[in-house]
Amino acid sequence: GKFLRVNLSRFTTAGGANTITDLNPHINYANSALPIAQRIQSIGDPRAIVWKADGSKAYIAGMGSNNLIAIDGAGTRLGSGPIPVGEGPTGIVIDGVRNKLYVLNKFEGSVSTVDMVTDQEEARANFFDPTPMVIKAGRKHLYNTHLGSGNGHISCGSCHVDGRWDRLGWDLGDPSGAMNTVSGKSFHPLKGVKTTQFLIDIIGRGRGN
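Residues numbered from 1 in each chain as written. Predicted model: local features only at pLDDT ≥ 70, side-chain atom pairs only at ≥ 80, totals over all residues. Heavy atoms only, no water.

**Student:** What am I meant to see in unusual backbone geometry here?
**Tutor:** Here the phi dihedral of Asp 162 falls at roughly 55°; this positive angle occurs in a residue that is not glycine. Even without being glycine, Ser 183 reaches a positive phi, approximately 50°. Of note, Ser 183 is situated in the loop between β12 (180–182) and β13 (185–187). (Helix = DSSP H or I, 4+ residues; strand = E, 2+ residues; numbered from the N terminus.)

Right under this line is the structure:
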């Protein structure tokens, strides 16, 4: 759980220093897991950000964590916790006149209306989504960061972005294993570095994009 962090990077047009802020300040990366009450405070796989017109506040959608967080102009999280919305939020539109947010929940096939005064979801409307049910059922296993990691910010989709190949080689050999014979052929337990094609085939069938 230490190989990835959800960061916000900010820079000035005048060429000032780049500032990086961890959007999950509650995570102690020395530990591999948080209690569930803290794990659900995490944002994972952010896909959208929208700012108020005056730049004082922004909302970020976590596609993997099924929530929004609010931050101030310095990137500090605001409020008592994330705002739960539908499954797979990937887009946000802000209506500054009405103090409303409209959130596209891609995986669920719905749009959430969020009140920016209370920072709470007040309505959710479904729309027709032709995505096959087998893909809908499998998405949570690839993308849900609260289910997929002890700290609530990482999922399989963190490496396999949009269900694609991670292009990493893995040594899946077993140095303590014995030779195996399958259909008359001998297979050594030390296979060396290989790409996990079998995993890619599975993910490809349930691609979330």
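**Student:** Can you help me understand the packing of aromatic side chains in this one?
**Tutor:** In this description, a pair of aromatic rings is defined by centroid distance and the angle of the planes. With the rule as written, the count across this model stands at one aromatic pair. Here the aromatic rings of Phe 107 and Tyr 143 are separated by 5.2 Å at their centres, their planes lie at 45°, and the arrangement is tilted. Of this pair, Phe 107 sits in the loop between β8 (100–105) and β9 (110–115) while Tyr 143 is found in helix α2 (residues 133–143), placing the two residues 36 residues apart along the sequence. One residue, Arg 5, lies across the ring of Tyr 29, its end atom 3.8 Å from the ring centre. (Phe/Tyr/Trp six-rings, centres within 6.5 Å; stacked < 30°, edge-to-face > 60°. Lys NZ or Arg CZ within 6 Å of the ring centre and 35° of its normal.)

**Student:** Got a minute to help me understand α2 in this structure?
**Tutor:** Each α-helix winds once per 3.6 residues, and so residues spaced three or four apart point in a common direction. What α2 keeps buried is the set Ile 135, Lys 136, Arg 139, Leu 142 and Tyr 143. Buried residues of α2, seen end-on, are gathered within an arc of 120° and therefore sit on one face of the element. The exposed set on the far side of α2, more than 90 degrees from its buried face, consists of Met 133, Val 134 and His 141. (Buried < 20%, exposed > 50% of the residue type's maximum accessible area, 1.4 Å probe, protein only. Arc of directions from axis to C-beta.)

**Student:** Explain the environment of Ser 9 here, please?
**Tutor:** Within the secondary structure, Ser 9 is located in strand β1 (residues 7–10). Overall, Ser 9 belongs to the partly exposed group, its relative accessible area being 44%. Along the chain, Ser 9 and Thr 19 lie 10 residues apart, while their C-alpha atoms are 5.6 Å from each other. Setting aside its immediate chain neighbours within four residues, Ser 9 contacts Asn 18, Thr 19 and Ile 20. (Contact = heavy atoms within 4.5 Å.)

**Student:** What is the right way to look at the nonpolar core in this model?
**Tutor:** Note that soluble globular proteins tend to have their nonpolar side chains buried in a common cluster. Formed by 13 residues in total, the largest nonpolar core has its most connected members in Tyr 59, Leu 68, Ile 92, Leu 101, Val 103 and Val 114. Mapped onto this core, the elements with two or more residues apiece are β3 (46–51), β4 (57–62), β5 (67–72) and β8. With residues up to four places along the chain from it excluded, the contact list for Val 114 reads Leu 68, Ile 83, Val 85, Asn 99, Lys 100, Leu 101, Val 103, Asp 119, Gln 120 and Glu 121. Counting residues in hydrophobic clusters, the runner-up holds eight residues, among them Val 6, Ala 58, Ile 69 and Ile 71. (Core = buried A, V, L, I, M, F, W, Y, C linked by side-chain atoms within 4.5 Å.)

**Student:** Quick question: what am I supposed to make of the sheet that holds β5 here?
**Tutor:** Within a sheet, each strand pairs with its neighbour through backbone hydrogen bonds, oriented either parallel or antiparallel. Spatial ordering of the open sheet is given by β3-β4-β5-β6, a layout of four strands whose pairing is antiparallel. Looking at strand neighbours, the two that pair on one side only are β3 and β6 (77–84), the edges of this open sheet. Taken pair by pair, the neighbouring strands of this sheet meet at an average axis angle of 20°, ignoring direction. Here β5 runs beside β6; their pairing, made up of four bridges, is antiparallel. Across the sheet, residue Ile 71 finds its bridge partner in β6, namely Arg 77. (Pairing = 2+ DSSP bridges. Axes fitted to C-alpha atoms, helices over the stretch in contact; angles between N-to-C directions.)

**Student:** Would you mind showing me how to read the side chain of Lys 57 here?
**Tutor:** Along the chain, Lys 57 turns up in strand β4. For Lys 57, the residues in contact, after removing those within four places along its chain, are Val 50, Trp 51, Lys 52, Ala 70, Ile 71, Asp 72, Leu 78, Met 116 and Asp 119.

**Student:** Looking at this model, I keep getting lost on the pattern of salt bridges. Mind explaining?
**Tutor:** Close approach of charged atoms lets side chains of opposite charge pair. Across all of its chains, the model carries nine salt bridges by this definition. Between Asp 119 and Lys 57 there is a salt bridge, with its nearest N and O atoms 3.1 Å apart. Remark: Lys 57 occurs in strand β4 and Asp 119 occurs in the loop between β9 and β10 (120–126); sequence separation between them is 62 residues. Take Lys 57: its relative accessible area is 15%, and that puts it in the buried class. A salt bridge links Glu 122 to Lys 100; the shortest N-O distance between them is 2.8 Å. Of this pair, Glu 122 sits in strand β10 while Lys 100 sits in strand β8; the two residues are 22 residues apart in sequence, bridging distant segments of the chain. A residue is classified by how much of its surface remains accessible, and Glu 122, at 44% relative accessible area, is partly exposed. (Salt bridge = Lys/Arg side-chain N within 4 Å of Asp/Glu carboxyl O.)

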